[in-house]
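# What the coordinates show
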Amino acid sequence: MNNPFENALNQIRRAASLASINQEVLDELSVPMREVRVAIPFVRDNGELQILEGFRVQHNNWRGPFKGGIRYHQNVDIFEVKALATWMTFKCAVAGIPMGGSKGGVTFNPKEYSEAELEKITRGWTRAMKSLIGPEIDVPAPDVNTTPQEMAWIADEFGSPAVVTGKPIANGGSEGRGTATATGGFYVLEALVEKLGLGSEDKKVIVQGFGNAGRIMTEILFAKGWKVIATSDSKGAIFNPEGLDISALGAHKDATRSVQDFSGAQNLTNEEMLELECDVLIPAALENQITEANASNIKAKAIMELANGPTTPEADDILFGRGINVIPDILANSGGVTVSYFEWDQNMKGEHWSETKVDDRLKTTMREAASAVWERKEKYSTDLRRGAFTLALERLSDAHPNS
Ligand code: NAD
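If you're wondering where the values come from, they're calculated on a predicted model, not measured in any experiment.

### Section: the packing of helix α1 (residues 4–16) against helix α3 (residues 78–95)
Their axes nearest at 7 Å, the elements α1 and α3 cross at an angle of 30 degrees. By the angle class used here, α1 and α3 are roughly parallel. Every residue of α3 that contacts α1 at Pro4, Phe5, Ala8, Gln11 and Ile12 is listed here: Phe79, Glu80, Lys82, Ala83, Thr86, Trp87 and Phe90. Its residues assigned to classes, the contact of α1 with α3 comprises 8 nonpolar, 2 polar and 2 charged.

Okay, here's the thing in structure tokens:
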């Protein structure tokens, strides 16, 4: 399995070789500013003590306070958290928001724990990190398997709403945060659709992952008249070449906790689904899904990474050689952190913006970022990922304390 932090470093080096970036800036960006591992002891519902491992990596804060989500997953380790923190730094720079990059995680499978246990774990992580986070220091947010509920517990345990984003509206959350990652992704796709040669009617899309990012993406695409022909979750995939009825699928997923066995659709494995013909393939689950093992078999016309790190650098080269554009994660899913920044800004100013105001600002931010990335891609005759990384490197170099 690819080490995602090595992938992130590789992506930075590849972009830096195109633009003239100061070597010292690059060296500093290759090492997170702080890496923290903590023990989280808590008593399970059955009375037994359990000790989990928690992480926070603060990659870089030249452009503003560290910002990044918290992941609950059995595969969380320091390399994954370092990679995700690094991508946050670059993502905030691409989106042009004044925040840095960090990420956190706890290594366990939350599906095996009760709500009361999840609260203890979340509060335990917050106590362990209390001196390292804060509204002007480091601001966590949701990621895989964490939701507004976890964010509300963090805000309460820390004692300030502005310490965390992605909170429920009643706890100081922003309008539009829950749907921001997918909405932002859709604005990016809309901005690039013609440039990517996807101008025809009846566009067919595949979305891997049916969680916060993926499920909302399928709902937006369905509402806009695009055809979602396949989607998946950790249990497997489903496929209907005529397009899936996404509202019926949502009800099926809620009732059965799986997308599989959906009426009128064929069950497939996640691996099979990735190789189906389509206009846009949208990975929205986990890292390392498109690798050198399957990149030659991908039949999508374009890929948009709603997940973080779904494509390895080796796969990038294969796809670029085959003329398949990949809209990189640090652009495609930056809508989430953008509205997180809006939420933080509202909390700091004691304001609450309307949904329309949030949406207008998100749309403007995403369009500007998409066109700046496209400009770099053209300027350096390269792929969109290197375009996005060069843009971020320029902005980060400008923000270096000694620049
Ligand atoms: P989530 O936990 O809500 O959903 C994850 C989905 O992926 C679930 O449907 C799960 O069943 C599925 N999944 C897990 N393993 C899988 C596998 N092996 N194959 C196929 N599907 C699998 O998480 P999320 O918040 O939607 O995050 C998904 C991705 O998007 C992550 O890479 C995350 O870092 C990224 N992301 C999320 C946000 C956000 O605001 N939620 C923002 C930026 C990036």
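### Thoughts on the sheet that holds strand β3 (residues 66–73)
Strands sit in the order β1-β2-β4-β3-β5 across an open sheet of 5 strands; the sheet is mixed. Looking along the sheet, the strands with just one partner apiece sit at the ends: β1 (34–43) and β5 (138–142). With direction set aside, neighbouring strand axes in the sheet form an average angle of 25 degrees. Across 6 bridges, the pairing between strand β2 (residues 49–60) and strand β4 (residues 101–107) is antiparallel. Across the sheet, the residue bridging to Val57 is Lys103, located in β4.

### Describing the site of the ligand
As a structural note, the neighbourhood of the ligand is formed by 23 residues, with Asp143, Thr181, Asn212, Ala213 and Asn308 the closest of them. Between the ligand and Asp233 there is a distance of 3.5 Å, counted from a nitrogen atom to a backbone nitrogen or oxygen. Within the complex, 86% of the 820 Å² of free accessible area of the ligand lies under protein. When contributions to the shell around the ligand are tallied by element, the ones reaching two or more residues are α7 (212–223) and β7 (227–233). Split into classes, the residues belonging to the shell around the ligand amount to 8 nonpolar, 11 polar and 4 charged.

### Side note on the packing of helix α6 (residues 180–192) against helix α13 (residues 355–379)
Close contact between α6 and α13 brings their axes to 9 Å; oriented N to C, the two are set at 50 degrees. By the angle between their axes, α6 is oblique relative to α13. The way α6 lies across α13 gives a crossing that is right-handed. Contacts between α6 and α13 involve Ala180, Thr183, Gly184, Tyr187, Val188, Glu190, Ala191 and Leu192 from the first element and Asp359, Leu362, Lys363, Met366, Arg367, Ala370 and Trp374 from the second. Classifying every residue of the contact of α6 with α13 by side-chain character gives 9 nonpolar, 2 polar and 4 charged.

### Considerations on the packing of aromatic side chains
As enumerated under the stated definition, the model contains 8 aromatic pairs in all. Taken together, a centroid distance of 6.3 Å and an interplanar angle of 50 degrees make the contact between Phe42 and Tyr113 tilted. Here Tyr113 lies in the loop between β4 and α4 (115–129) and Phe42 lies in strand β1, a separation of 71 residues in the sequence. Overall, the relative accessible area of 4% leaves Phe42 in the buried class. Here the aromatic rings of Phe90 and Phe389 are separated by 5.0 Å at their centres, their planes lie at 40 degrees, and the arrangement is tilted. With Phe90 in helix α3 and Phe389 in helix α14 (residues 384–399), this pair connects stretches of sequence that are 299 residues apart. Residue classification places Phe90 among the buried positions, given a relative accessible area of 0%. Counting every residue linked through ring pairs, the aromatic cluster contains Phe42, Tyr72, Phe108 and Tyr113.

### Observations concerning the side chain of Gln260
When you line up the elements, Gln260 lands in the loop between α8 (246–256) and β9 (266–268). Here Gln260 falls in the buried class, since its relative accessible area comes to 17%. Leaving out residues up to four positions away in the same chain, Gln260 has contacts with Lys235, Gly236, Ala237, Ile238, His252, Asn267 and Leu268.

Each value, and the rule that gives it
- Residues numbered from 1 in each chain as written.
- Predicted model: local features only at pLDDT ≥ 70, side-chain atom pairs only at ≥ 80, totals over all residues.
- Heavy atoms only, no water.
- Axes fitted to C-alpha atoms, helices over the stretch in contact; angles between N-to-C directions.
- Helix = DSSP H or I, 4+ residues; strand = E, 2+ residues; numbered from the N terminus.
- Parallel < 35°, antiparallel > 145°, perpendicular 65-115°, else oblique.
- Contact = heavy atoms within 4.5 Å.
- Nonpolar A, V, L, I, M, F, W, Y, C, P; charged D, E, K, R; others polar.
- Pairing = 2+ DSSP bridges.
- Near = heavy atom within 4 Å.
- Polar contact = N/O pair within 3.5 Å; in protein donor to acceptor, adjacent residues only side chain to side chain.
- Areas by Shrake-Rupley, 256 points an atom, 1.4 Å probe, with all protein chains shown as cover.
- Left-handed = near helix turned anticlockwise from the far one by under 90°.
- Phe/Tyr/Trp six-rings, centres within 6.5 Å; stacked < 30°, edge-to-face > 60°.
- Buried < 20%, exposed > 50% of the residue type's maximum accessible area, 1.4 Å probe, protein only.

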